[in-house]
Amino acid sequence: MNRYMIVIPAKNRSFLLKCDEGDGMKSETLQKLVSGYVETVPSALEEAARLVLLVDEDGRLKCKATNQKATRLAPADVTENGKQPIVGAAVLMFQRGDKLLGFSKHVADTICSEWL
């Protein structure tokens with residue numbers, strides 16, 4: 001089955017990207033997408049599903065643009081009630097244990113249409 005991750009740029013429209021390594025994505029690919037080392041931030045969409053946002057861990061130091069869409073997906077305690085927004089591009093994926101997995105096309109489309 002093809003799996004997809006959801007890329008949420010800071011300024012442009014979100015889009016789906018097919019996973020390049022079976023159900024997941026190579027770390028090099030993720031680093032290119034966020035333009036830096038990857039940090040995992042929990043998502044507020046569904047706690048049981050373990051959806052996570054992947055962002056550049058040094059994004060604030062690099063003065064990256066605020067990502068309003070990704071900030072809305074992060075829980076308030078992570079963003080300190082909006083005082084620390086998510087910056088730069090973010091990638092939304094599913095986390096199972098220590099593995100990061102993509103979504104089926106249907107699920108990814110549904111998330112995009114309802115939340116992004």
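This text gives an overview of the structure that appears in the document. Along each chain, the written sequence defines residue order, and numbers are assigned to residues from 1. Selection of residues for local features in this predicted model requires a pLDDT of at least 70, selection of side-chain atom pairs for listing and counting requires 80 or more, and totals for whole chains, interfaces and linings are taken over all residues. Remark: hydrogens and water are excluded; side-chain values derive from all non-hydrogen atoms of the structure.

Concerning the overall build of the chain
Heads up, the condition is: Helix and strand labels come from DSSP, where a helix needs a run of H or I of at least four residues and a strand needs a run of E of at least two; each type is numbered from the N terminus. Exposed residues in this analysis have more than 50% of their type's maximum accessible area, buried residues have under 20%, and partly exposed residues fall in between, with area computed by a 1.4 Å probe over protein chains only. When checking whether two residues touch, look at their non-hydrogen atoms; a contact exists if any pair is within 4.5 Å. Only the protein chains shown count as covering a residue, and every accessible area follows the Shrake-Rupley method with a 1.4 Å probe.
Helices and strands together make up the secondary structure of the chain, namely 4 helices and 6 strands. When burial is assessed residue by residue, the chain has 42% of its 116 residues classed as buried. Within the chain, contacts between residues separated by at least 24 positions form 57% of all contacts whose residues are at least 6 apart in sequence. Just so you have it, the chain exposes about 6800 Å², and 48% of that area is on carbon and sulfur atoms.

Some words on helix α1 (residues 27-34)
Selection criterion: The arc under discussion is defined with respect to the helix axis, by the directions toward the C-beta atoms.
Buried residues of α1: Thr29, Leu30 and Val34, and no others. Taken end-on, α1 shows its buried residues confined to a sector of 125°, consistent with a single buried face. Against the buried residues of α1 lie β1 (4-8), β3 (38-42), β4 (51-56), β5 (90-96) and β6 (99-101). Where α1 terminates, the next one or two residues include serine 35, which has phi positive at roughly 60°.

Here we look at the nonpolar core
For clarity, the cut-off: Here the nonpolar core consists of buried residues drawn from Ala, Val, Leu, Ile, Met, Phe, Trp, Tyr and Cys, with membership extended through side-chain atoms lying within 4.5 Å.
The biggest cluster of nonpolar side chains holds 17 residues, and the ones touching the most others in it are Ile6, Ile8, Leu53, Leu92 and Phe103. Sorting the residues of this core by element identifies β1, β4, α2 (68-73), β5 and α4 (105-115) as the ones contributing at least two each.

Here we look at the environment of proline 85
Along the polypeptide, proline 85 turns up in the loop between α3 (76-79) and β5. The sequence separation of proline 85 and threonine 66 amounts to 19 residues, and the corresponding C-alpha distance is 6.3 Å.

Thoughts on the environment of glutamate 21
Inspection of the secondary structure assignment puts glutamate 21 in the loop between β2 (15-18) and α1. Through-space distance from the C-alpha of glutamate 21 to that of glycine 102 is 9.9 Å; in sequence the pair is 81 residues apart.

Structural notes on the pairing of β5
The test is simple: Two strands pair under a simple rule: DSSP has to find at least two bridges between them.
Taken across its 7 residues, β5 has 5 buried, putting it largely inside the fold. Relative to β5, β1 is paired through 3 bridges, and the arrangement is antiparallel. Within β5, the residue paired with isoleucine 6 across the bridge is leucine 92. Here β4 runs beside β5; their pairing, made up of 4 bridges, is antiparallel.

Considering the pattern of salt bridges
The condition is simple: A pair is scored as a salt bridge if a Lys or Arg side-chain nitrogen falls within 4 Å of a carboxyl oxygen belonging to Asp or Glu.
A complete count under the given rule lists 4 salt bridges for this structure. Linking lysine 64 and aspartate 56 is a salt bridge whose minimum nitrogen-to-oxygen distance equals 2.8 Å. Aspartate 56 sits in the buried class, given a relative accessible area of 4%. Of the charged contacts, one joins aspartate 109 and lysine 105 as a salt bridge, the two residues approaching to 3.1 Å between their closest N and O atoms. Remark: lysine 105 and aspartate 109 occur in helix α4; sequence separation between them is 4 residues, near one turn of the helix. Residue classification places lysine 105 among the partly exposed positions, given a relative accessible area of 40%. Residues participating in the shared-partner salt-bridge network are Asp56, Lys62 and Lys64.

Brief notes about unusual backbone geometry
Even without a glycine there, the phi angle at serine 35 is positive, about 60°. By the element assignment, serine 35 lies in the loop between α1 and β3. Unlike most non-glycine residues, cysteine 63 shows phi in positive territory, near 55°. You can see cysteine 63 is positioned in the loop between β4 and α2.

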